[in-house]
Amino acid sequence: MRDMLYIGGQWTEGSQGKTLAIVDPATEETIHRVTAGGPEDVDRAVAAARAAFPAWSSLPGTGRAAYLQAIADGLRARRAELARLSSRVNGKPLAEAEVDMEDAAATFAYYAGLARQLDSRQDTPVPLPNPAYRATVRREPVGVVALITPWNFPMVTAAWKVAPALAAGCTAILKPSEVTAPVELELGALAEAAGLPAGVLNIVPGAGAEVGAPLGTHPGVAKVSFTGSNAVGEQIMAAAARGTKRVALELGGKSAILVFADTDLDRAAELVASGIFTNCGQMCSATGRLLVEEAAMLPLLERLVAIARSMRVGPASDPETQMGPLTTAAQHRKVLDAIGRGRDDGARLVVGGGRPEGLDRGYFVQPTIFTDVPPESALWREEIFGPVLCVRPFRTEDEAVAMTNDSDFGLVATVVTADAARAERVAAALEVGLVWINSPQAVFVENSWGGFKRSGIGRELGPWGMDAFLEVKHVVRLE
């Protein structure tokens, strides 16, 4: 595992002489330490990115594409190794980590393709009503960008930000979560192997107060793109306002899965379980609210309880593991506290609710299901970020839609029904950024990612992801 900062194309020590402990969440043991960055390191990284910006931004899109494709190829070549690293520091089963690495590689390859197309989008004509004038439009990179990522999807979230930013012609400082920093530091090694010019990508792990906050207020940073909690996102937004920085925020969710009684309940149970128990529920898209038509409530619940009781919970090193530990001690406490508050609020615990038997160490929590959850309770309304499913029945389609939309968040939703017309009606009525119909949470780089309401500002992935790092410039000429 790498343990140094990556600034200006060089591996370097931090200015503070501090390190960050990397903990195996399955054992609670420190397995590595990485250099902790600080404000002076942020200054160095911004300076390196600013120095690299003129040459990188003026490089044709086809030239930038070659570097992005090389990073994608490098990721695929090292997929197994990087998946093992991610699995160990995050805790997720190896199979999930392998999917993550392929997703990251696909993201770099996709934006290599969009970078190649960018040249043809320059100086495109704009129709005007007055023939005496001629106008064209250009799309130019916003400048130096700060990219701040969480710990739940190592390498994936970084790829979602780094690849479109570089494709657009921006130079970047990546601040990965200090919890899973060794994974993103390998992105520096991949950039080196690809021959990426020095300063185009800089990687500075560190605490939020020491790295994230200075990035958010740095006068040399034009835009901040953040994925994480609402509390921190709002702090970043407030800090960025002082310099009128551009901001993109991918924040929390409290998403719903709606199951109608006309569907195959065995299939529905699989979709519900994967939507909340994948990655131990540590997904902003986790469908932790199950709204099920009253007639199907009991048979679906029976199936879900059976799945929860049969799931193999354990360390990622065990190939039989289906759900690993939560990633941090703090998250473990938060989830157990949420379960306790749910009980206090009168929700009925059906299964789970504590540490699995025989797993006395590690940040493990049983797959947990509550029914009779009061709609005003924190368990129903607030993001838990753990394997906790809350179930409520509905009687009509309109009631299901109203219950789903009665939320501060609007990231994703899943609709499960055999009625195609109903599925389309419900999808159109839901106040969310993405709807799956009779589908697991399949995420494609070609689609957009982002939500309504408090789930964030802006969109990632697809062409929208690269456009978010581009400014629009019109040139009008009097002929």
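Just above sits the structure.
Residues numbered from 1 in each chain as written. Predicted model: local features only at pLDDT ≥ 70, side-chain atom pairs only at ≥ 80, totals over all residues. Heavy atoms only, no water.

Draft legend 1. Quick look at the pattern of salt bridges. According to the stated counting rule, one finds 26 salt bridges in the structure shown. A salt bridge links aspartate 41 to arginine 44; its shortest N-O distance comes to 2.8 Å. Pair noted here: aspartate 41 and arginine 44 are both in helix α1 (residues 39-58), with a separation of three residues, about one helical turn. For aspartate 41, a relative accessible area of 0% puts it in the buried group. Taking the shortest distance from any N to any O, the salt bridge between lysine 453 and glutamate 431 comes out at 2.8 Å. Here glutamate 431 lies in the loop between α14 (420-429) and β19 (434-437) and lysine 453 lies in strand β20 (residues 452-453), a separation of 22 residues in the sequence. Counted as one network, the salt bridges with shared partners bring together Arg2, Arg78, Glu81 and Glu186. (Salt bridge = Lys/Arg side-chain N within 4 Å of Asp/Glu carboxyl O. Helix = DSSP H or I, 4+ residues; strand = E, 2+ residues; numbered from the N terminus. Buried < 20%, exposed > 50% of the residue type's maximum accessible area, 1.4 Å probe, protein only.)

Draft legend 2. Seen up close, unusual backbone geometry. Although it is not a glycine, asparagine 279 adopts a positive phi angle of roughly 55 degrees. On the secondary structure map, asparagine 279 appears in the loop between α9 (265-277) and β13 (289-293). The phi angle at asparagine 438 is positive, at roughly 50 degrees, despite the residue not being glycine. By the element assignment, asparagine 438 lies in the loop between β19 and β20.

Draft legend 3. How the structure looks around a nonpolar patch on the surface. A cluster of nonpolar side chains, Leu128, Tyr133, Val476 and Leu478, forms an exposed patch at the surface whose accessible area comes to about 390 Å². Position of valine 476 among the secondary structure elements: in strand β22 (residues 470-478). (Patch = residues over 30% accessible without salt bridge, like charges linked within 9 Å, V, L, I, M, F, W, Y side chains within 5 Å. Areas by Shrake-Rupley, 256 points an atom, 1.4 Å probe, with all protein chains shown as cover.)

Draft legend 4. Quick peek at the packing of α1 against helix α7 (residues 208-217). Close contact between α1 and α7 brings their axes to 8 Å; oriented N to C, the two are set at 45 degrees. Taken as axis vectors, α1 and α7 run oblique relative to one another. The two elements α1 and α7 meet at a crossing, and its hand is right-handed. Across from Pro39, Val42 and Val46 in α1, the residues of α7 making contact are Glu210, Val211, Pro214 and Leu215. (Axes fitted to C-alpha atoms, helices over the stretch in contact; angles between N-to-C directions. Parallel < 35°, antiparallel > 145°, perpendicular 65-115°, else oblique. Left-handed = near helix turned anticlockwise from the far one by under 90°. Contact = heavy atoms within 4.5 Å.)

Draft legend 5. Seen up close, the sheet that holds strand β6 (residues 133-141). Pairing in this open sheet of three strands is antiparallel, and the strands run β5-β6-β22 from one edge to the other. The outermost strands of the open sheet, each flanked by one partner alone, are β5 (124-126) and β22. Strand-to-strand twist in this sheet, taken as the mean axis angle between neighbours without regard to direction, amounts to 35 degrees. In this structure, β5 lies alongside β6, joined through three bridges in antiparallel fashion. Bridge assignment links threonine 124 to a residue of β6, and that residue is valine 137. (Pairing = 2+ DSSP bridges.)

Draft legend 6. Representation of the packing of aromatic side chains in the model. Applying the stated criterion across every chain yields a total of seven aromatic pairs. An aromatic cluster is present here, built from Trp160, Trp436 and Trp449 joined pairwise through their rings. Sitting over the face of the ring of phenylalanine 469, lysine 223 holds its NZ or CZ atom 4.8 Å from the ring centroid. Across from the ring centre of tryptophan 380, 5.9 Å away, lies the NZ or CZ of arginine 392, which sits over that ring. (Phe/Tyr/Trp six-rings, centres within 6.5 Å; stacked < 30°, edge-to-face > 60°. Lys NZ or Arg CZ within 6 Å of the ring centre and 35° of its normal.)

Draft legend 7. Broad picture of the side chain of histidine 32. Note on placement: histidine 32 falls in strand β4 (residues 29-35). Within polar-contact distance, the side chain of histidine 32 engages the backbone oxygen of methionine 1 at 3.4 Å. For histidine 32, the side chain forms a polar contact with the main-chain oxygen of arginine 2, separated by 3.1 Å. Filtering out sequence-adjacent residues up to four positions away, histidine 32 remains in contact with Met1, Arg2, Asp3, Leu20, Ala21, Ile22 and Pro182. (Polar contact = N/O pair within 3.5 Å; in protein donor to acceptor, adjacent residues only side chain to side chain.)

Draft legend 8. Structural context of the pairing of β19. Where burial is concerned, the two faces of β19 differ: the one with Leu434 and Trp436 is buried and the one with Val435 and Ile437 is not. Relative to β19, strand β18 (residues 412-416) is paired through four bridges, and the arrangement is parallel. Opposite valine 415, over in β19, you have isoleucine 437 as the bridge partner.

Draft legend 9. Here's a closer look at the packing of helix α3 (residues 79-90) against helix α6 (residues 181-194). As a packed pair, α3 and α6 sit with axes 9 Å apart at the nearest point and diverge in direction by 155 degrees. With respect to α6, the element α3 is oriented roughly antiparallel. Side by side, α3 and α6 meet where Leu82, Leu85, Ser86 and Val89 of the first sit next to Pro182, Val183, Glu186 and Leu190 of the second.

None of this, on its own, says anything about what the molecule does.
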